[in-house]
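Working through the structure, step by step
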Amino acid sequence: MSGFGSTMEAGVPSARSRALAVLRVRSRALAVALLPAAVAVVLVAARATGRLAGEPWAAVTFAVCAVAALVLLLGGIFAAVVLRAGPAVTPTVPLSEAAAPDLYRLVRDLADRMDVPPPSAIALTPDCDSWLEDRAHAAHRRGGIAGGPQSAAGAAPVLVIGSPFLWWMRVAELRAVLAPVVAGTGPSAHPDIADARGFVRGLDAAVDVGGRRGLGWIAAPARLLLRLCRTDAAEMERGVAAAASDRAQGVDYGLRIVAQEQVGLAYAGWDRLLTRVALPAWRMGRWPAHLDAGVVSALTELSRRDRLAEGFTSRLGERPACDLLEQPGVIDEATSLLAARLFHGGPAEAGPDWSPVEWAAYPEEVVDRKWRAEAARLHTALDALAGPEGLPTASGGPHGSAAGPTASAGSASPAGAGSAAPAAVAPAAAAGAAGSHAPSGPSGAAGPATIEAADAAPHAVDGFAGPTLERVLGCLANASGEGALGEALAGRLSADLAREERAADTAAGAGKARGADAVPLFPLQPPRSGRDLLADHVTAMVCCAAVDSAGAAPGMDWLDGPVLLVGGDRRSDLAPRVLCLVEDGDPEPLREWLSALGVRTEKPVRLV
């Protein structure tokens, strides 16, 4: 094939030679499995011809035959698992030719110009990448994973396209980006490369099968063979990519350089949209129904803010690649639902507790609900820590008798934490962080009885009636540092949120997934620290108070997610003031900000 010839002339290692090296690993493994049987045949033949007469050789021949039979049995089982185990298939949204005839026509034209087989089908993935995926394995047909022409034996691979590319890129840019990907169908059709790829995918699937009961021994030899052929398999794929790139150089090469810049920009906007905008909605049980359309708005906003992205918005006058789809809205909704499943672990289908949300309704149905849910969680944690022995007071030390409700309301500061005794709150912090409570003792540390009493006590136990912002400000004022109330509150919020997430995972049956079927496949964010959670919840409480008493409104920024709007303008100066309260215990900057905005901190806020 000309692609391989040009690759070798350019000095790139031959993909075919690397494929043969992978197949030699398979041949050696087969030889090792047949070696005991060959020795047994020699011994039996020697015994039959009288060359090995005598008593010891009879026992040796019997032992070797038994070992050979066992090795053949295990080798046969291993080979059957490797051949029949279904390789992992990337979750995608299938795109039929009837749904995108223009896109299929564009891809076939690319294949004809590069003299390679066209992909058997096209699918979309909610990611900023494109690749070829073989779905012709027999296990895929048996399991119903693949159907149609792409599942026939010897069929060309499926072209998987990142859905953000279709909405952000123009038709010519998409054509330039897909050219080297489509060119990969040529090397993929080579029998040696296809055989080597099938062997590696079978070993990978066998490792997954090794996790099942009764087949645990399968994983060890599969991993050994994968290690032996890892280097050659990687070099084979590099050779295939180099051959495909060399073949595609004659197709829109100049435009491809510009299009690659759009790939990086699309990735940046897609990442911000998922982590800042989509993730809060997913946590609320809602999924944005048009993520791909949203990425256009996010990237347009990024182009407006970032001087490095200036000029990209002028491209929007050209024909977008999503015009190649017959019903882009339907496809966008399907990929948005798949994105929620891959990145968050949501259900595969919409339901009463997992419903779509339009961008126009996002501020009211997601942002406002998120703020009020977090404010409610914050006050629940305060209630738990404001029990008769859970909230330290200014006058009663760790052993003082003024820690009851009366003293909290009479002799203590409004939050009861103005000069909190660290020894009284440290056990509560440790209990909140561990998700359990230390036993109550003579020192007045919070225990199970204290928490249960606090849960049943009225909200006025710390001197405040109802969920007010003043209560939060008073509790956190001068309450930072190790062992103080801020630390206890952060630990309590972490424990409560972890408990809620475990309950949601149990209800969704997330623990039943195995291997490649487990979701989310790509979690978006690492676990947040207790201080970060506390800052988020205090921010939510401030926003709720501003909405209820100062005429503010919830809003959405395409790059930053939930924002507070005052007079239609975004207020971005709230975060440093909240951090000053949470980390330093200084409420004055936040009080000045609230006073300037006209927020009434003593007014109870509406919770979910």
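Throughout what follows, the structure given in this document is the object of discussion. (Residues numbered from 1 in each chain as written. Predicted model: local features only at pLDDT ≥ 70, side-chain atom pairs only at ≥ 80, totals over all residues. Heavy atoms only, no water.)

So, about the overall build of the chain. Each helix and strand counted, the chain has 22 helices and nine strands in total. Scored against the burial criterion, the 608 residues of the chain give a buried share of 47%. For the chain, long-range pairs separated by at least 24 residues make up 78% of all intrachain contacts whose partners lie at least 6 apart in sequence. Carbon and sulfur atoms form 58% of the exposed surface of the chain, whose accessible area is close to 27,400 Å². (Helix = DSSP H or I, 4+ residues; strand = E, 2+ residues; numbered from the N terminus. Buried < 20%, exposed > 50% of the residue type's maximum accessible area, 1.4 Å probe, protein only. Contact = heavy atoms within 4.5 Å. Areas by Shrake-Rupley, 256 points an atom, 1.4 Å probe, with all protein chains shown as cover.)

The next subject is helix α11 (residues 253-283). Taking 1.5 Å of rise per residue, the 31 residues of α11 would be expected to cover 45 Å, and the 43 Å separating its terminal C-alpha atoms lies within 8% of that figure. Helix geometry: α11 is bent most strongly at L274, by close to 35 degrees. Where α11 terminates, the next one or two residues include G285, which has phi positive at roughly 80 degrees. (Expected span 1.5 Å × (residues − 1). Bend = angle between axes of the 7 residues up to and from the residue.)

The next subject is the environment of G264. Mapped onto the fold, G264 is located in helix α11. Overall, G264 belongs to the partly exposed group, its relative accessible area being 43%. For the pair G264 and C128, spaced 136 residues apart in sequence, the C-alpha to C-alpha distance is 8.6 Å.

Bringing the sheet that holds strand β2 (residues 122-125) into the picture now. Spatially, four strands are ordered β1-β2-β4-β3 in an open sheet, and the strand pairing comes out mixed. What marks the edges here is a single partner per strand, and that holds for β1 (93-95) and β3 (130-133). Recorded for the sheet is a direction-independent mean angle of 30 degrees between the axes of neighbouring strands. Direction of pairing for β2 relative to strand β4 (residues 158-162): parallel, over a ladder of four bridges. Each bridged residue has a counterpart across the sheet, and for T125 the counterpart in β4 is G162. Seen against the sheet, helix α4 (residues 101-114) touches β1, β2 and β4 and runs at an angle of roughly 110 degrees to β2. (Pairing = 2+ DSSP bridges. Axes fitted to C-alpha atoms, helices over the stretch in contact; angles between N-to-C directions.)

What follows deals with the nonpolar core. By size, the foremost hydrophobic cluster in this structure holds 114 residues, and its most contacted members are W282 and V538. Setting aside anything within four residues of it in sequence, one finds V538 in contact with L378, V472, L476, V578, L581 and V582. Membership of the second largest hydrophobic core comes to 24 residues, among which are L23, V82, A205 and V209. (Core = buried A, V, L, I, M, F, W, Y, C linked by side-chain atoms within 4.5 Å.)

The full count for this structure, using the stated rule, is 30 salt bridges. Close ionic contact of R319 with D323 constitutes a salt bridge, the shortest N to O distance being 4.0 Å. On the accessibility criterion, D323 (39% relative accessible area) is partly exposed. Among the charged side chains, a salt-bridge network with shared partners connects R272, R276, D557, D560 and R570. (Salt bridge = Lys/Arg side-chain N within 4 Å of Asp/Glu carboxyl O.)

Once that is clear, we can look at the environment of V25. Position of V25 among the secondary structure elements: in helix α2 (residues 15-48). In this structure the C-alpha to C-alpha distance between V25 and A196, which are 171 residues apart in sequence, comes to 9.9 Å. Leaving out residues up to four positions away in the same chain, V25 has contacts with L225, L228 and C229.

Time to look at the sheet that holds strand β8 (residues 561-566). Strand pairing in a sheet takes place through backbone hydrogen bonds and is either antiparallel or parallel in direction. Taken in spatial order, the three strands line up as β7-β8-β9 in an open sheet, and their pairing is antiparallel. Since the sheet does not close on itself, it has two edges, and those belong to β7 (553-557) and β9 (569-570), each with one partner. With five bridges joining them, β7 and β8 adopt antiparallel strand pairing. The residue bridging A553 from the neighbouring strand is L565, located in β8.

With burial as the criterion, each face of β2 is covered, one bearing I122 and L124 and the other bearing A123 and T125. Judged from the three bridges that link them, β1 and β2 form a sheet pairing that is antiparallel. Bridge pairing in β2 links P94 to A123.

With that settled, consider the packing of aromatic side chains. Within the structure shown, the criterion is met by two aromatic pairs. Between W359 and Y362, the aromatic rings sit 6.0 Å apart at their centres with planes inclined by 45 degrees, giving tilted as the arrangement. Across the pair, Y362 and W359 agree in class, each one buried. A residue is classified by how much of its surface remains accessible, and W359, at 16% relative accessible area, is buried. Among the aromatic side chains, those forming a connected cluster through ring pairs are W359, Y362 and W558. Seen from the ring of F199, R26 lies directly overhead, with NZ or CZ sitting 5.9 Å from the centre. (Phe/Tyr/Trp six-rings, centres within 6.5 Å; stacked < 30°, edge-to-face > 60°. Lys NZ or Arg CZ within 6 Å of the ring centre and 35° of its normal.)

Glancing now at a nonpolar patch on the surface. A contiguous nonpolar patch, built from L70, L73, L74, I77 and W217 and spanning about 430 Å² of accessible area, is present on the exposed surface. Its place among the elements puts I77 in helix α3 (residues 55-84). (Patch = residues over 30% accessible without salt bridge, like charges linked within 9 Å, V, L, I, M, F, W, Y side chains within 5 Å.)

Moving on to the packing of helix α9 (residues 191-209) against helix α10 (residues 219-247). Axis separation between α9 and α10 bottoms out at 9 Å; the angle between their running directions is 145 degrees. For the element pair α9 and α10, the recorded crossing hand is left-handed. Here α9 contributes I193, A196, R197, F199, V200, L203, D204, A206 and V207 to the contact with α10, which in turn contributes A219, A222, R223, L225, L226, C229, A233, M236, E237 and V240. Looking at the contact of α9 with α10 residue by residue, the classes come out as 15 nonpolar, no polar and four charged. (Left-handed = near helix turned anticlockwise from the far one by under 90°. Nonpolar A, V, L, I, M, F, W, Y, C, P; charged D, E, K, R; others polar.)

Turning next to a negative patch on the surface. Residues D532, E583, D584, D586, E588 and E592 make up a contiguous surface patch of negative charge. Listing elements by their share of the negative patch, those giving two or more residues are α21 (575-584) and α22 (588-597). Mapping D586 onto the fold places it in the loop between α21 and α22. (Lys, Arg positive; Asp, Glu negative; His and termini not counted. Charge placed at Lys NZ, Arg CZ, Asp CG, Glu CD.)

Okay, the packing of α2 against α3 next. Taken N-terminus to C-terminus, the directions of α2 and α3 make an angle of 150 degrees; their axes are 8 Å apart at the nearest point. Judged on the interaxial angle alone, α3 and α2 are roughly antiparallel. Regarding α2 and α3, the two cross each other, and that crossing is left-handed. On the side of α2, the interface is formed by A33, L34, P36, A37, V39, A40, L43, V44 and R47, while α3 contributes W57, A58, V60, T61, V64, C65, A68, V71 and L72. (Parallel < 35°, antiparallel > 145°, perpendicular 65-115°, else oblique.)

This next bit is on the side chain of T125. Looking at where T125 falls in the secondary structure, it is placed in strand β2. Looking at T125, the relative accessible area reads 3%, which means it is buried. Excluding anything up to four places from it in sequence, T125 contacts P91, T92, W131, V160, I161, G162, S163 and P164.

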